[in-house]
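What the coordinates show
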Amino acid sequence: MGNEAIAGRTVFSSGTRAFSVGDMLAAAHFRGELAEPWPSFQRAVAAEARADENGQEADDAAIDGAVERFRYQYDLITAEETERWVQERGLTLGDFGAYFVRHYWGETESGELPEGAVDYLAAPDALRDLFMIDLILSGELERMTARASWRVAARAAAPGEIDAQLLETEAASFRERHGLTATEESVWSGKMDREAAWLREQIELEATYERDCDTLLTDEARGREISALRLPLTNFEVETIEFDSLDAAREGFLCVRQDGMSMEGVATEGRYPYRHTEVLLEDVPEDLQQKFLSVIPGEVLDPITHGEGFHLCRILHKAEPQLDDPLVKTRAENRILDRHFDELTAEHLQWPRSLAPGAATE
């Protein structure tokens, strides 16, 4: 399937209107969601080109590992399932393999934006087509589609007039995101191969979505959500050291427990990665949640297997969720919005079977 066919592939419908992959990319760019992935993609492309010029060889084992993690994430047990997943998204196995090679070099050869880096709208079609493939395989297009679907569903549920001031606020936000004046809006949409009516629609969609969010996200609603999720949203302040072997983790454990060394000191002395973070109970692996709950602040947990290495964790503090905790507040808001917009999308949108939320191939 050609790239034009991929861009035209329907991802969801609302009534008689179908929304395509190309529509998702255009809407995401309107919302400013290409600001991070586009430069990252250009760095990866440039890194791969440098590697080719210098005759460097990729680490096949590292690439195979990335492929295996991808297949595990999407529950693709067999090669046939993987090929079908790829084909359902209009891609080829060549696209699939090239993506992992490109991102191997992107992760290995980090750095500044390459010379010749261009704005998304000024990029040649071939580069933008390759970027589209990256968005599909990275899962970013799926996230962009989810955000777009919420806005389309919200508008379908409330098709009436929108307050003029709210529309102007969203139009001003759009211009600020893209560094435009009011007279440059039509030029911008023209570069997107979109009509002025499309731009007005995007502003209406965003205004409707923001209106819904303002209505839903009250302090009272946040408080109710936090109260209902008091245990999962328990907050832990944690120090973590990453070790490459169990023996090293056990030695670190003894240094902290018996010798009184600090976690950061152990990490610095052994040159091991150290992190001081906050985590909610619901983000802790299920088999460790009870340990986190029962530990006395200040205690060090026994070494924990993590991937091919081991983690040593010290719980510094634990607290019940509070509305003024930014992490807890964000998580409560996300749950409120997820519940509301999931209901709207179920009522107002139709999805291809393989791409429906919750499908096995998601």
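In this text the structure is predicted, and so the values were computed from the model without any measurement. (Residues numbered from 1 in each chain as written. Predicted model: local features only at pLDDT ≥ 70, side-chain atom pairs only at ≥ 80, totals over all residues. Heavy atoms only, no water.)

All told, the structure shown has 22 aromatic pairs when counted by the stated rule. Seen in terms of ring centroids, Tyr99 and Phe100 are 5.0 Å apart; in terms of plane orientation they differ by 80°. Their pairing is edge-to-face. Under the relative-accessibility criterion, Tyr99 is labelled buried at 10%. On the accessibility criterion, Phe100 (8% relative accessible area) is buried. Between Trp188 and Trp198, the aromatic rings sit 6.3 Å apart at their centres with planes inclined by 20°, giving stacked as the arrangement. Here the residue Trp188 occupies a position in helix α10 (residues 185-191), and Trp198 occupies one in helix α11 (residues 196-216), the gap between them amounting to 10 residues. (Phe/Tyr/Trp six-rings, centres within 6.5 Å; stacked < 30°, edge-to-face > 60°. Buried < 20%, exposed > 50% of the residue type's maximum accessible area, 1.4 Å probe, protein only. Helix = DSSP H or I, 4+ residues; strand = E, 2+ residues; numbered from the N terminus.)

In this structure the tally under the stated criterion is 22 salt bridges. A salt bridge links Glu88 to Arg89; the shortest N-O distance between them is 3.6 Å. The exposure class assigned to Arg89 is buried, which follows from its relative accessible area of 7%. Across the pair Arg175 and Glu168 runs a salt bridge whose closest N-O atoms are separated by 2.9 Å. (Salt bridge = Lys/Arg side-chain N within 4 Å of Asp/Glu carboxyl O.)

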